[in-house]
Structure formats: C-alpha cells, structure tokens
Number of protein chains: 2
Amino acid sequence: MSLLLVAQNRDMKPFRDEILEIDSNIDVEIWPAVSKPERVQFAVAWNHPKQVFRQYPNLKAISSLGAGVDHLIPDESIPQQVRLTRVVVPSLKEQMCDFVLTSALNLIRNTQAYHTQQQRADWIPHQHLPKEEMTVGIMGMGELGSAVASRLQVNGFRVCGWSRSKKEIDGIDTYDNGQLDDFLNKTHILVCLLPLTSQTDGILDLDLFKKLGKPAFLINAARGEHLVEEDLIYALDTGLINHAVLDVFTEEPLPGSHPFWGRKKITITPHIASLTDPKEAASLIVENYKRLLSGMELLHEVDRERGY
Amino acid sequence: MSLLLVAQNRDMKPFRDEILEIDSNIDVEIWPAVSKPERVQFAVAWNHPKQVFRQYPNLKAISSLGAGVDHLIPDESIPQQVRLTRVVVPSLKEQMCDFVLTSALNLIRNTQAYHTQQQRADWIPHQHLPKEEMTVGIMGMGELGSAVASRLQVNGFRVCGWSRSKKEIDGIDTYDNGQLDDFLNKTHILVCLLPLTSQTDGILDLDLFKKLGKPAFLINAARGEHLVEEDLIYALDTGLINHAVLDVFTEEPLPGSHPFWGRKKITITPHIASLTDPKEAASLIVENYKRLLSGMELLHEVDRERGY
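Just so we're clear, the structure is a prediction, and the values are computed from it rather than from any experiment.

Enquirer: Before we move on, could you go through the domain arrangement of chain A and cite the residues and values that matter?
Expert: For interface size, the figure often reported is the accessible area lost on association. Residue and element names in this part refer to chain A. Once the domains are mapped, chain A shows domain 1 (2–89 + 276–293) and domain 2 (90–268). A straight line from the C-alpha centre of domain 1 to that of domain 2 covers 32 Å. Each partner contributes to the roughly 770 Å² buried at the junction of domain 1 and domain 2, and carbon and sulfur atoms together form 53% of this total. For the pair domain 1 and domain 2, the number of links is one salt bridge. D70 is the salt-bridge partner of R223, the closest N and O atoms lying 2.9 Å from each other. Our count for the domain 1 to domain 2 interface comes out at five residue pairs in polar contact (both at pLDDT 80 or more).

Below is the structure:
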C-alpha cells in the first residue's frame, strides 16, 4: 500500500521528505507520477483536480493538507466510504491566533494609516480605538475559533463567539444558531473562521453587516466564498464597515484587476494567516496513515454531513 | 494652594476638566495664565519651557505627564528640594504592551511588505519568521519593561531582559549591567524601553548592533536620544539589522526632510505607542496632589540621582 500526495500549484516534495524522515519504509508517491494506482490507500490533497481520485480503486481515506475540507466535500467523485480527515496542528492554530490578534491590534492602532502617512513624510498622531470597548465577535467556535477567542481575551479584548451549537468557554459570551442577531449587535470586530458549507456560503452579506455594532470592522480568515464581495464594497462606501482585513478570496491569487486591491479601507494578505509546516503536518499524516492501516479511528476525521 | 498644568503645544484643558471632575475644590491653573504664582505648590509638566518653574517660589513637587522624566531632570532651574513624580497608569503600560507586541508580530509576519505589495496589486506570500525561534530582548526592565516582557511571553515569544540591576521574573532570562553582551547575543528583536539618562544616551549604536543575534530587528519606544541615527542607517544598509520600528525621535515631529521617512526598512509612528488618557492621569495627579498637601509619600516618586 502507498500514501499519495496530490496538489496543484504547490510543491509537495518537502512534505514527502518529512514523511520519509519519520518513516523511510512508507511508500510515498507524488501525483501525477503514480506507479501503482491500485496500491494507493491514503491520499493527502490540496486543490486537487476534480475526478482525480477515481484512479485509485483501493483508496480508503483522504486528508486535507489544511484545516479546511471544503475542496473535498463537494467532489462527488469521491466515494462515500472514503473517510476524510484534515491537518489540525498546533502551529496552524497558533498562526491563526497571531493573524487575528495582529489584525485586530493593527485596526485599533491605525497601523495602515501610519504606513501610508510615512510614504508622504506626514507626522499625524491618531487616538487609538479603546481596546477595552471593542468587542471581537468570532463566527465559528471550533478548534481554531476557540483558540483565537482565548488569545484575544488574554490580550485585553472583549470577546464573544457564535457557532451552530453553543460552546461554553470561560469568560466568553457565546451564542448559538438562533442568536445571530444578538451576537452581531454586540460585535465591533467581526472575525470569520467558519467552515465553508452550504449554510455559510455568502453569510457575510449586507443584511449581516447592518446588524453590527459601531464602529464595525471585518476580518475574514476563512474562505473567500463566505463573503459577498459587492456587499462589502457597499458597506465600506456607506460607512457600515470602517475597514476590512481579507486573507482569503473566491479566486486566488486575487486577479490584478480586482477592485479590492485599490481600496484604502481593505487590507489584503495573500492567504498567509496559517501556513502548513511540512514537518508538523508530516507527523500527523503518518499517524493517520498508520491508524488507517491498523483499522483504528482517524484523528480529526470529518463528518461529511456536517461538512467539517 | 494651587495645582498648575504646564505644557507647550498640547491642550491641557481635558486634564483640568478631569481633575475638577474628581474634586471641584482643587484650584487648577493652566500656564501661562497663572493668577497667583505664589500659591502654586504642585505642577504637572510636559515639554515645559526652560526656567518656567523659577516663577513659583512655593513649588514643592512636579509630576511628569508621562512615564518619562528626562525633560525634568536636566533642568537645573528646578530646585533640588522640589520632588519629582511621574504618571504611571495601567493604560500606559497596557498601550505599550500592545505597541511592542503589534510591532513584533508585524515584523515576523511581514505586514509592511504586504501593505506595499497591495499598492502594486502583487500577490506574493512570504514565510513568517518562526515566532518560537525569535527571542525578544528588552532593554529596561522597570514597570513598563516587565509588563511588556510578560505580555510577549504569553503570546509565545521567547523573552529576555536587561536592566541595571537584575530582575527576577518567572520564565524570563534576565541580565544585569555587566552581562550586556550575553543579552545582545541572544536577542533577535531588540526593544528599547530604557529611561533616558547620561548612561543610556546613545546606547543604541553600531557597536551594540554588531552583537545582536541574526536576524536582528530594533523597536525603539523609549526616547529618540537612545539611538545613534547614522549608526542605524549603516546597520540597515549592511544587513546588521533587517528592520527598525521607531516611535520616538530626537526631534519631534520628525522633520519632513529626515532620511528615515523614505527608508523601506524603517517603520515610523508619530510617538503614539502610549498616549496619556486625561481621565486616568487626573486620578493619579489628584492623589499625588493630596498626598503632597498632607505630607505623605508620593506615588511613583523619581530618584533624581538615578534619573528615573
């Protein structure tokens, strides 16, 4: 049996090398150069070509290379009995905490304005927004969202969280599915960390923006599809939202002609909130590969019905 | 007796209003409109005109409006028996923690590069510097420095601290006066929070930069005089230092013609790391004013010999 790495536009050799470093007996192949398709039992996938998994009749499990599985769930060519898992490693969580914290601090401390002023040699101090009066509202209180909530709280932000089923976390006001409006009314800095499902696709729309507290800011570190782009432009133009920090986009790389690039009220980063570290990911991939071969439970297995 | 507020280029009315809000019986005057100079016993000063305090024969104490007293100590017209204090309030510490943390996170996460790339519609991801391998070295482990050290540590940075007399803080390697080289060798992100004294004036020079770990970064949130400006330019040009974040300058506002403005490897903010909040400062000022009148010890009194 073998372990297959499948990705488009991404060099998978560092992942293969780290896997072999852990166990040199594992038979690792990198798509498309697969010598014996019938031996493939476990695949690791990132931005895979549709239908590619049809070629492996004995495939039993696929791991996403990241925390999201929205690229796997909609692929109907993946048989239902193929189990899905994902890579949830401490550094992905830690990096996401750093990204959201950095973004929130930069928003209340006017970092981008100072950078623009520096280019004009302009010395203009601004008052910071009062951190203790800014409530960060996190949509999606799974493993990532809960970690981000705690980190923001430790750093002096008021934090609340919203998720499909209510979570209990010390010191954090949590809301469930039916309490979305209450959650939004309390929120100044909205952070989207939701999984992408049919229920959450396009959830960040004008109707939602109108319910936010004032001033309002948006940080999207989940998926581009969560956001209705034209609604954000409208909300920024009309002052419903003061500023948005976007790390993810419907089309990535974001096309050079996209109107987001030129907006002063949008901060764009090239999907760098969390970058999967090959060494750390390899260790989890090898663990799950061996669990599969031994018939054990997989770590971080995905419920295909729920979508995460 | 009266309480006098003295400042140049700064509106002191919000401070007067907050003081009167706490105790409307206090006689507060704002320089230069002082009706009865002989009644002034306590003064609050920021960027005061030299010699101004000669006009108040019964002055017993002066409070700096901030945490620094380097504008008061060198003024030889202030009689030796006049006691000096400063405003050390929780929000100043909290803001400084936020500033240093934000700056350190932006350095390791390439924030400024992404902002520049956005202006060119350029999508180029960069690896973050590994936070757990970056040691932040804090020069000056007083009230501010110790708070900053703890906050960085909570956020996953390795932290060490250097001060004249060695401090004991859980989980933080501390160094004293004689161990400066050891401290610098361990440090990647050097944070200056020192008081400005004759010993620390010009301490951030080429000789010091050469001893830092690699890669090296500088954050100066203390006083412009700590830094030898031409040595920083040389260190940036030769790669001894990768990037510097400067909030303070020898001349403020930084003149439009200053070479720092145009440097990509320097991030400039207009002395905004910590902004004194009138409400919070007023409460400490009133407390010290009443302590002075009752002959009690003053809070945060300065040792003029030490210089802080």
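Enquirer: Help me get a handle on the packing of helix α3 (residues 111–119) of chain A against helix α3 (residues 111–119) of chain B, residues and values and all.
Expert: When two helices pack together, you describe them by how their axes are tilted relative to each other and by the distance separating the axes. Close contact between α3(A) and α3(B) brings their axes to 11 Å; oriented N to C, the two are set at 65 degrees. One finds that α3(A) runs roughly perpendicular with respect to α3(B). As for the relative orientation of α3(A) and α3(B), their crossing is right-handed in sense. Two secondary-structure elements touch here, α3(A) through Q112(A), H115(A), T116(A) and Q119(A) and α3(B) through Q112(B), H115(B), T116(B) and Q119(B).

Enquirer: Describe helix α7 (residues 229–237) of chain A, and please don't skip the residues or the numbers.
Expert: Residues and elements named next belong to chain A. Every buried residue of α7 is accounted for by D231, L232, I233, A235 and L236. Check the buried side of α7 and you find it contacts α6 (206–209), β10 (217–220), β11 (243–246) and β12 (266–268). Directly after α7, the chain includes G239, whose backbone phi takes a positive value near 80 degrees.

Enquirer: Got a sec to walk through the relation of the copies chain A and chain B? Specific residues and values, please.
Expert: Screw-axis analysis of chain A against chain B gives a translation of 0.0 Å along the axis, an RMSD of 0.0 Å, and a rotation angle of 180 degrees. Both copies of the chain, as the preceding transformation shows, are related through a two-fold rotation axis. If distances are taken from each C-alpha of chain A to the rotation axis, the shortest is found for T102(A), at 3.0 Å.

Enquirer: Tell me about the packing of aromatic side chains, and name the residues and values.
Expert: All chains considered together, the criterion is met by eight aromatic pairs over all chains. With a centroid separation of 6.0 Å and an interplanar angle of 65 degrees, the aromatic rings of Y175(A) and F183(A) are classed as edge-to-face. We classify F183(A) as buried; its relative accessible area is 0%. Aromatic side chains F249(A) and W123(B) sit 5.6 Å apart centroid to centroid with 75 degrees between the ring planes, which places their arrangement in the edge-to-face category. Here W123(B) lies in the loop between α3 and β6 (135–139) and F249(A) lies in the loop between β11 and β12, a pairing that spans two chains. Overall, the relative accessible area of 3% leaves F249(A) in the buried class. In this structure W123(B) comes out as buried when scored by relative accessible area, which is 19%. By the ring-pair criterion, three or more aromatic residues cluster together here, those being W123(A), F249(B) and F260(B). Directly above the ring of F157(A) sits K131(A), whose terminal nitrogen or CZ lies 6.0 Å from the centroid.

Enquirer: Describe the environment of I172(B), and please don't skip the residues or the numbers.
Expert: Residue and element names in this part refer to chain B. Checked against the element boundaries, I172 lands in the loop between β7 (158–162) and β8 (173–175). For I172, a relative accessible area of 6% gives the class buried. Separated by 14 residues in sequence, I172 and R158 have C-alpha atoms that sit 7.9 Å apart. Residues contacting I172, with those up to four places away along its chain left out, are M141, A149, S150, Q153, V159, C160 and G161.

Enquirer: I'd like a rundown of the nonpolar core, residues and numbers included.
Expert: Membership of the largest hydrophobic core comes to 60 residues, with the highest contact counts inside it found for I189(A) and I189(B). Aside from chain neighbours lying at most four places away, what touches I189(A) is A104(A), L107(A), I108(A), M134(A), T135(A), V136(A), G137(A), F157(A), F217(A) and I219(A).

Enquirer: Tell me about the interface of chain A and chain B, and please be specific about residues and values.
Expert: In this assembly, 46 residues from chain A lie in contact with 47 residues from chain B. Roughly 3,700 Å² is buried in total at the junction of chain A and chain B, and carbon and sulfur atoms are behind 60% of that figure. Its largest share of buried area at the contact with chain B, chain A owes to Q118(A), W123(A) and W261(A), together 23% of the area lost on that side. Between chain A and chain B we count four salt bridges in total. D98(B) is the partner of K131(A) in a salt bridge, and the nearest nitrogen-oxygen pair spans 2.9 Å. At the junction of chain A and chain B, the tally comes to 28 residue pairs in polar contact (both at pLDDT 80 or more). Broken down by secondary-structure element, the contributors of at least two residues to the side of chain A that touches chain B are α2 (90–108), α3, α4 (143–154) and β12 of chain A. The class makeup of the residues in the side of chain A that touches chain B is 20 nonpolar, 18 polar and eight charged.

Enquirer: Account for the pattern of salt bridges, with residues named and values stated.
Expert: Proximity of charged atoms lets side chains of opposite charge pair with each other. By the definition in use, this model includes 35 salt bridges over all chains. With its nearest N and O atoms 3.2 Å apart, the salt bridge here joins D122(A) to R120(A). Accessibility expressed as a relative area gives 28% for D122(A), which makes it partly exposed. Classification of R120(A) by relative accessible area gives exposed; the value is 51%. Between K211(A) and D181(A) there is a salt bridge; the shortest N-O distance is 3.3 Å. One end of the pair, K211(A), is in the loop between α6 and β10; the other, D181(A), is in helix α5 (residues 180–186), with 30 residues separating them in the sequence. According to the relative accessible area criterion, D181(A) is partly exposed, its value standing at 37%. Through salt bridges with shared partners, a single ionic network connects E94(A), D98(A), R151(A) and K131(B).

Enquirer: Now, about the packing of α2(A) against helix α2 (residues 90–108) of chain B: what can you tell me, with residues and values included?
Expert: Interaxial distance between α2(A) and α2(B) falls to 10 Å at its minimum, and their mutual angle equals 125 degrees. Put simply, α2(A) runs oblique to α2(B). Judged by the sense of rotation from one axis to the other, the crossing of α2(A) with α2(B) is left-handed. Contacts between α2(A) and α2(B) involve D98(A), L101(A), T102(A), L105(A) and N106(A) from the first element and D98(B), L101(B), T102(B), L105(B) and N106(B) from the second.

Enquirer: Outline the sheet that holds strand β12 (residues 266–268) of chain B, listing residues and values.
Expert: Residue and element names in this part refer to chain B. Taking strand neighbours across the sheet as the criterion, the seven strands line up as β8-β7-β6-β9-β10-β11-β12 in an open arrangement whose pairing is parallel. Strands with a single pairing partner mark the edges of an open sheet, and in this sheet they are β8 and β12. Shown here is a sheet whose adjacent strand axes are inclined to one another by a mean of 15 degrees, direction ignored. Relative to β8, β7 runs parallel, the two being bridged by three bridges. By the bridge assignment for β8, G161 is matched with T174. The strands touched by helix α4 (residues 143–154) are β6 and β7; relative to β6, the strand with the most contacts, the crossing angle is about 170 degrees. Against the sheet, helix α7 (residues 229–237) makes contact with β10 (217–220), β11 (243–246) and β12, and its axis sits at roughly 150 degrees relative to β11, the strand it touches most.

Parameters at a glance
- Residues numbered from 1 in each chain as written.
- Chains lettered and ligands numbered in written order.
- Predicted model: local features only at pLDDT ≥ 70, side-chain atom pairs only at ≥ 80, totals over all residues.
- Heavy atoms only, no water.
- Domains from an automatic or database assignment.
- Buried area = accessible area lost by both parts, 1.4 Å probe.
- Salt bridge = Lys/Arg side-chain N within 4 Å of Asp/Glu carboxyl O.
- Polar contact = N/O pair within 3.5 Å; in protein donor to acceptor, adjacent residues only side chain to side chain.
- Axes fitted to C-alpha atoms, helices over the stretch in contact; angles between N-to-C directions.
- Helix = DSSP H or I, 4+ residues; strand = E, 2+ residues; numbered from the N terminus.
- Parallel < 35°, antiparallel > 145°, perpendicular 65-115°, else oblique.
- Left-handed = near helix turned anticlockwise from the far one by under 90°.
- Contact = heavy atoms within 4.5 Å.
- Buried < 20%, exposed > 50% of the residue type's maximum accessible area, 1.4 Å probe, protein only.
- Least-squares fit on C-alpha atoms with pLDDT ≥ 70 in both.
- Phe/Tyr/Trp six-rings, centres within 6.5 Å; stacked < 30°, edge-to-face > 60°.
- Lys NZ or Arg CZ within 6 Å of the ring centre and 35° of its normal.
- Core = buried A, V, L, I, M, F, W, Y, C linked by side-chain atoms within 4.5 Å.
- Nonpolar A, V, L, I, M, F, W, Y, C, P; charged D, E, K, R; others polar.
- Pairing = 2+ DSSP bridges.

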